[in-house]
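# Summary of structural features
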Amino acid sequence: MNEILDEGGILVGKRIEDLSLLVVDDNGLNLRVAEKMLEKQFKVASVSSGMEVLEFVKNTIPDLILLDIHMPEMDGFEVLERLQGDPEYKDIPVVFLTANEEREVEVKGFELGAQDFIKKPFSADIMIRRVDRILELQRLQKNLQRAIRLSLITMLIRIWTN
């Protein structure tokens, strides 16, 4: 995997073309449209059901999931709840894909842990900008967590050696 290191050799993230997205929609046309919009910039995989998401993440953890809300058998809310309930997957950012304009749907999504919403029909420039923003925020958050851990370890070593 091609990772980016800063001048001090500290990992700061993956190269943009190495970031992987999972697109989930039960509508094949929506899947193909989203894939085409994103495949020039990211590694894109797609599945068409909530159960397939849960199987997919057992083998490959994507950097971000674009998840349709309204699917048969298991809707996007239930998929997100299951991902959030598993420590292995709870940090995967999820963006809901929806044609639904109801405020309550967005509120519920955010309460469950969604990072954002992308409205259908998709607009390539909006989709790419939102995905880029969320991935950048995730990278910054991971780097901050690393820096905090490193600071704590350094502080403990100083305390222990004095």
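For the structure given in this document, a descriptive report is provided here. Think of each chain on its own: its residues are numbered from 1, step by step along the sequence as written. In keeping with the model being predicted, local features are shown solely for residues with a pLDDT of at least 70 and side-chain atom pairs are shown and tallied solely at 80 or more, while totals for entire chains, interfaces and linings include all residues. Excluding hydrogens and water, the side-chain values take into account all heavy atoms of the structure.

## Considering helix α5 (residues 124-161)
Our working definition: Only runs of H or I of at least four residues qualify as helices and only runs of E of at least two qualify as strands under DSSP, and these elements are numbered from the N terminus. Here the expected length of a helix is defined as 1.5 Å per residue gap, with one fewer gap than residues. For every residue, the accessible area obtained with a 1.4 Å probe (protein chains only) is divided by the maximum for its type, and the residue is called buried under 20%, exposed over 50%, and partly exposed between those limits.
For α5, which comprises 38 residues, the first-to-last C-alpha distance of 55 Å matches the rise-based estimate of 56 Å (1.5 Å per residue) to within 8%. Along α5, the residues classified as buried are Met127, Ile128, Val131, Ile134, Leu135, Gln138 and Asn143.

## Side note on the packing of aromatic side chains
Note the following rule: Whether two aromatic rings pair depends on their centres lying within 6.5 Å, for rings of Phe, Tyr and Trp, where Trp uses its six-membered ring; planes under 30 degrees apart make the pair stacked, over 60 edge-to-face, and the rest tilted.
Scanning the model with the defined rule gives three aromatic pairs in all. With a centroid separation of 5.3 Å and an interplanar angle of 75°, the aromatic rings of Phe77 and Phe96 are classed as edge-to-face. On the criterion of sequence distance, the pair formed by Phe77 in helix α3 (residues 76-84) and Phe96 in strand β6 (residues 94-98) is long-range, its members being 19 residues apart. Judged by its relative accessible area of 0%, Phe96 is buried. Relative to Phe117, the ring of Phe110 has its centre 5.1 Å away and its plane inclined at 75°; by these criteria the two rings are edge-to-face. With a relative accessible area of 4%, Phe117 lands in the buried category. Following the ring pairs from residue to residue traces out a cluster consisting of Phe77, Phe96, Phe110 and Phe117.

## A few points about the layout of surface pockets
Heads up, the rule is: Grid points spaced at 1 Å and placed over the protein atoms alone form the basis of the search, with a cavity being a set where a 1.4 Å probe fits but cannot get out and a pocket an open set showing protein on both sides within 12 Å along at least five of seven lines. Lining residues have an atom within 4 Å of a point. Grid points are joined across faces, edges and corners, and a volume is the space filled by probe spheres set on the points. Throughout, the ten residues Ala, Val, Leu, Ile, Met, Phe, Trp, Tyr, Cys and Pro are labelled nonpolar, Asp, Glu, Lys and Arg are labelled charged, and all others, Gly among them, are labelled polar.
Taken as a whole, the second largest pocket encloses approximately 300 Å³ of empty space. Around the second largest pocket, the lining is made up of 13 residues, and of these Asp91, Pro93, Gln115, Gln138 and Gln141 lie nearest the centre. For the lining of the second largest pocket, the element with the most residues is α5, which contributes six residues. A per-class count over the lining of the second largest pocket returns four nonpolar, six polar and three charged.

## Quick notes on the nonpolar core
The test is simple: We define the nonpolar core as a collection of buried residues of types Ala, Val, Leu, Ile, Met, Phe, Trp, Tyr and Cys that are connected through side-chain atoms lying within 4.5 Å of one another.
By size, the foremost hydrophobic cluster in this structure holds 23 residues, and its most contacted members are Val24, Val53, Ile65, Leu67, Val79, Leu83 and Phe96. Among the secondary structure elements, those contributing two or more residues to this core are β3 (20-24), α2 (50-59), β5 (64-68), α3, β6 and α4 (103-112). At four residues, the largest contribution of residues to this core is made by α3. With 19 residues, the next largest nonpolar core counts Ala34, Met37, Ile134 and Leu135 among its residues.

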